[in-house]
Amino acid sequence: MLKESIRLAAREGAERIIESLTQRVREVDSRVNAYVQFDPKKIQRSQTKGPLAGVPVSVKDNICTRGWETTCASKILEGFIPPYDATVVEKLRQAGATIFGKCNMDEFAFGSSCETSAYGPTRNPWDLNRVPGGSSGGSAAAVAAGEAVAALGSDTGGSIRLPAAFCGVVGLKPTYGRVSRYGLVAFGSSFDQIGPITKTVEDSALLMNVIAGHDERDSTSADLPVPDYTKALGRGVKGLRIGLPREFFVKGLDPEIEKSVREAARIYQKMGAVIKEVNLPHTKYSVAVYYIVAVAEASSNLGRFDGVQYGFRAAHGNLRDLYFETRDQGFGEEAKRRILLGTFVLSAGYYEAYYLKGQKVRTLIREDYTKAFDEVDLLLTPVSPTPPFKLGEKLTDPLTMYLSDIFTISVNLAGVPAMALPSGFTKSGLPIGMQLIARPFQEETIFQAAHAYEQETKWFKQNPKL
Ligand code: GLN
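Residues numbered from 1 in each chain as written. Predicted model: local features only at pLDDT ≥ 70, side-chain atom pairs only at ≥ 80, totals over all residues. Heavy atoms only, no water.

**A word on the packing of aromatic side chains**
- Applying the stated criterion across every chain, the model contains 24 aromatic pairs.
- Each ring, one from Y290 and one from Y291, has its centre 4.8 Å from the other, and the planes form 80°; the classification is edge-to-face. Of the two residues, Y290 and Y291, neither departs from the other in class, the shared state being buried.
- For the pair F344 and Y354, a centre-to-centre distance of 5.7 Å together with 50° between the ring planes defines the contact as tilted. Of the two residues, F344 is situated in helix α10 (residues 333–346) and Y354 in helix α11 (residues 352–375); the sequence distance between them amounts to ten residues.
- Given the relative accessible area of 36%, F344 is considered partly exposed. (Phe/Tyr/Trp six-rings, centres within 6.5 Å; stacked < 30°, edge-to-face > 60°. Buried < 20%, exposed > 50% of the residue type's maximum accessible area, 1.4 Å probe, protein only. Helix = DSSP H or I, 4+ residues; strand = E, 2+ residues; numbered from the N terminus.)

Here it is, written out as structure tokens:
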């Protein structure tokens, strides 16, 4: 019997739950490939009696874990075992949680399909011929497949929310600064946030209670008190103003997804929320701006992987060759594309035309959100323009792949919090997700509305047949 929620797992006790999860991983992970590292011998039971006592949590492989290899699913970090825990991992352990395994991802979190991993793609538990979404595809697939109680992912441009939607689970990208990034291998430092991927909204709140908060080791983490997020559950949505941004319901949006999200709006209205249409006029620039600013930050962050300090080192004659060979052999194709693009947009002569301009448009996108939140408390949108696509379908066409992020990326540009949660299934049985977006540091409003909808619809009761 699978114990999928944090409360059930805690009641079951660490021993039994770890045993049954281990059994499940043995049964299905050769097909799903959600884990890049899973070794029951490595699992250290936490002895702490905190709020997560006995609860196993799986962690995306770009989050540093003492004693566990942390590779970002890249060959260049092969064999790298960090000497320290990321702050979120430290907090999990202090709360009594047990680190259960490291989850597969797109290499360095570059991707929307979990296919660029050096360890092979993760597959969608609902249809093994389809992608789980990316980049936190391993974390979302593990939770959906019953191979994890809960997991951490990271979201730079949709990487928690897209896989959560594709796998039919709940994924929260917190406000930029809500959760410490210390020990998260940096991709786009002004975008990256760690967040929970869980079966239920309550589990998401329980994890946020533990991982959120100020950290003096991350100067961008906000020094604000952390509320008890579970208090927001059960408040209902009476009087809550929910906006549907017109720019998110456009040509190209899959009709079944549109129907599902509009139906969710009707359900909210029935429960007492006020629904109105709003505008986010600069949305159409978000993919272009993101793929300038985020790759610029990525190219700079990836400079440190040179074969000297971390992981893989190529055979070499001299220092220059060592750098060249290590980076040539260590990075995959998409990582190289980002490094080249990022270096280009930052280079003298192009900086003003691309990077600087991108930053200016980013400000306009952020202002769109500020204005929309003068009118409403929450925004309701689709997560992805399409249901989960087939493996290989978009891999050779980067632009089409990047367009999968069209509804998630502006949230990271603005730094606001957003959650993806299940909103039904397509006729062919694939999960559909919807997105709730709130004002900065108003995760509570998201939890409040997400929980109300979840309790009304109970999509989480359905599980993939593996
Ligand atoms: N798909 C986006 C990208 O490839 C998102 C990545 C992320 O959020 N880590 O950049």
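**What to know about the site of the ligand**
- Taken together, 15 residues surround the ligand, and among them G157, S159, Y290, R338 and D405 come closest.
- One of the side-chain nitrogen or oxygen atoms of R338 is found 2.8 Å away from an oxygen atom of the ligand.
- For the ligand, the accessible surface in isolation is 290 Å², of which the surrounding protein chains cover 100%.
- When its residues are assigned to classes, the shell around the ligand shows five nonpolar, seven polar and three charged. (Near = heavy atom within 4 Å. Polar contact = N/O pair within 3.5 Å; in protein donor to acceptor, adjacent residues only side chain to side chain. Areas by Shrake-Rupley, 256 points an atom, 1.4 Å probe, with all protein chains shown as cover. Nonpolar A, V, L, I, M, F, W, Y, C, P; charged D, E, K, R; others polar.)

**Examining the environment of A420**
- Tracing the chain through its elements places A420 in strand β10 (residues 418–425).
- Using a relative accessible area of 0% as the deciding quantity, one classes A420 as buried.
- Each C-alpha atom of the pair A420 and I432 lies 9.7 Å from the other, and the pair is twelve residues apart in sequence.

**Description of the side chain of R178**
- Position of R178 relative to the elements: it lies in the loop between β5 (170–173) and β6 (193–198).
- With no salt bridge to any partner, buried R178 finds its closest opposite charge in E443, at an N-O distance of 5.2 Å.
- A distance of 3.1 Å separates a polar atom in the side chain of R178 from the backbone oxygen of L224.
- Apart from residues no more than four positions distant in its own chain, R178 is found in contact with Q193, M208, A212, G213, L224, P225, V226, P227, Y229, F441 and E443. (Lys, Arg positive; Asp, Glu negative; His and termini not counted. Salt bridge = Lys/Arg side-chain N within 4 Å of Asp/Glu carboxyl O. Contact = heavy atoms within 4.5 Å.)

**Quick look at the sheet that holds β5**
- Judged by pairing direction, the sheet is mixed, and its eleven strands sit side by side in the order β1-β3-β2-β4-β6-β5-β10-β11-β9-β7-β8 without closing on themselves. The outermost strands of the open sheet, each flanked by one partner alone, are β1 (35–37) and β8 (274–278). Each strand of the sheet is rotated relative to its neighbour by a mean of 30°, with strand direction disregarded.
- Strand direction decides the pairing type here: β5 and β10, joined by three bridges, are antiparallel. Opposite G171, over in β10, you have A420 as the bridge partner.
- Against the sheet, helix α3 (residues 87–94) touches β2 (56–60), β3 (98–103), β4 (150–155) and β6, its axis set at about 145° to β3. (Pairing = 2+ DSSP bridges. Axes fitted to C-alpha atoms, helices over the stretch in contact; angles between N-to-C directions.)

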